[in-house]
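Coordinate analysis (summary)
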Amino acid sequence: MTAPTRDQLLRLRRTLLACIASLLHLLVCWLAYGAGFMSISLGGMAVLSFVVVVSGVLFLLAIWLNLNLRFYDPSMTMAQMSWSIAVVFASAYFFDGLRPLVLMMVLVVMMFGAFQLGLAGFLRIGLFVVACYALLMFALYRRGAPLELRVELLQALVFFILLLGVSLLGLEMGNLRSTLQARNRDLHQAVERVQQLAITDELTGLYNRRFARELLAQQKALADRGQYGFAVCLVNLDLFKTVNERYGAEGCDQVLRQVSELLRQAVRDVDFVARLGGEEFLLLLSGTDGAGAELMVERLRHRLREASWQGFPDLQLSVSVGISAYRPEESWEDTLQRADAALYKAKAGGRDRVVLQ
């Protein structure tokens, strides 16, 4: 069986609190029974105790075994509240003078609805309480219990006023909880957006220079643990100033976006692409040696030369690339420096070529 999720653990905790409240109610019943305030036999108390304990265990097991996930409401809020209220009214039937005090336990149960119930849920559970109260009064009347109409009406009025107040309070707490959850979601999305902006290049959507340095440090740490090596490729668009002269700054940006998309498509999911600035890009190829990186980049170079650029039918681009494979125990700055030196050789050697160093 898999470990409970965070949501399931939260439901377990709430259900456990509800079970503790039920056990405290049961303790009050036993104290009242011992003091002679309950007209019930010892066998009846044993049955009541058995019902309370077993029902609590069943609710907990349903969540622990993930059986609750089959329901529309995995928290089983209505089911737990309805059952607890029914138990309170059933035990109240056997109380004599302390019956109004025992019924206050219903108000505690209502507070648990603040975790999940909305207005419709509180209305349904409120109607259930009214029905239970009416059934209790009818059962006491049929039993021949001494009921004074004025007293019972006053007690009922106070009980339902308190019930209404607790329900409104619970509903307000539920609304506040929903508002806080919505704000937390918005805040989480905003934080994720800020984090994404902090590591990506605004124009191309690729990783930026700052995050590229972090990626290089991570790759070095993995390589030093003996997991694999990596290769660094510095890609520079040849004579890109002519693109700016022909198409302007906006056209230049459009070309850079298309080049970035092509680079993104050319690498594997385990590789990384970053824009270092201007027309220079970095390819970080994980688990790749120098020869493998050279073969991959040569394919990329030919693909760029033959590419058709949307909105620029006459445009032809070429790239110069410098490659260096990580050497054990060297700093990632040294690896990057060797790639930069290889790029310089590619530029000095006539451009449109790949140099491995």
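Overview of the structure. (Residues numbered from 1 in each chain as written. Predicted model: local features only at pLDDT ≥ 70, side-chain atom pairs only at ≥ 80, totals over all residues. Heavy atoms only, no water.)

This part covers the layout of surface pockets. Taken as a whole, the largest pocket encloses approximately 510 Å³ of empty space. In the lining of the largest pocket, the residues fall into 21 nonpolar, 10 polar and two charged. In terms of lining residues, the second largest pocket is bounded by R6, D7, L10, R11, R14, S75, Q116, R177 and Q181. If you tally residues by element for the lining of the second largest pocket, the top one is helix α1 (residues 6–34), at five residues. Looking at the lining of the second largest pocket residue by residue, the class counts come to one nonpolar, three polar and five charged. (1 Å grid on protein atoms, 1.4 Å probe; cavity = no way out; pocket = protein on both sides within 12 Å on 5 of 7 lines; lining within 4 Å. Points joined across faces, edges and corners; volume = space filled by probe spheres on them. Nonpolar A, V, L, I, M, F, W, Y, C, P; charged D, E, K, R; others polar. Helix = DSSP H or I, 4+ residues; strand = E, 2+ residues; numbered from the N terminus.)

The next subject is the nonpolar core. One finds I85, F89, L103, V106, M110 and V129 to be the most contacted residues of the largest nonpolar core, which totals 38 residues. Of all the secondary structure elements, the ones that give two or more residues to this core are α1, α2 (42–64), α3 (77–92), α4 (99–103), α5 (105–111), α6 (119–143) and α7 (149–199). If you tally residues by element for this core, the top one is α6, at eight residues. Once residues lying within four places of it in the same chain are set aside, the contact partners of V129 are I85, F89, V106, M110, F159 and L163. By size, the runner-up hydrophobic cluster in this structure holds 33 residues, among which are C233, L262, W309 and L317. (Core = buried A, V, L, I, M, F, W, Y, C linked by side-chain atoms within 4.5 Å. Buried < 20%, exposed > 50% of the residue type's maximum accessible area, 1.4 Å probe, protein only. Contact = heavy atoms within 4.5 Å.)

Judged by pairing direction, the sheet is mixed, and its five strands sit side by side in the order β2-β3-β1-β4-β5 without closing on themselves. Each edge of the open sheet carries a strand with a single partner, namely β2 (272–277) and β5 (354–356). Neighbour-to-neighbour, the strand axes of the sheet open up by a mean angle of 20°, direction not taken into account. Summarising the sheet, strand β1 (residues 230–237) and strand β4 (residues 319–325) pair through seven bridges and their orientation is antiparallel. The residue bridging V232 from the neighbouring strand is S324, located in β4. Of the strands in this sheet, β1, β2 and β3 (280–286) are in contact with helix α9 (residues 241–266), which crosses β3 at around 10°. Contacts from helix α11 (residues 332–348) reach β1, β3, β4 and β5, with the element oriented near 145° to β4. (Pairing = 2+ DSSP bridges. Axes fitted to C-alpha atoms, helices over the stretch in contact; angles between N-to-C directions.)

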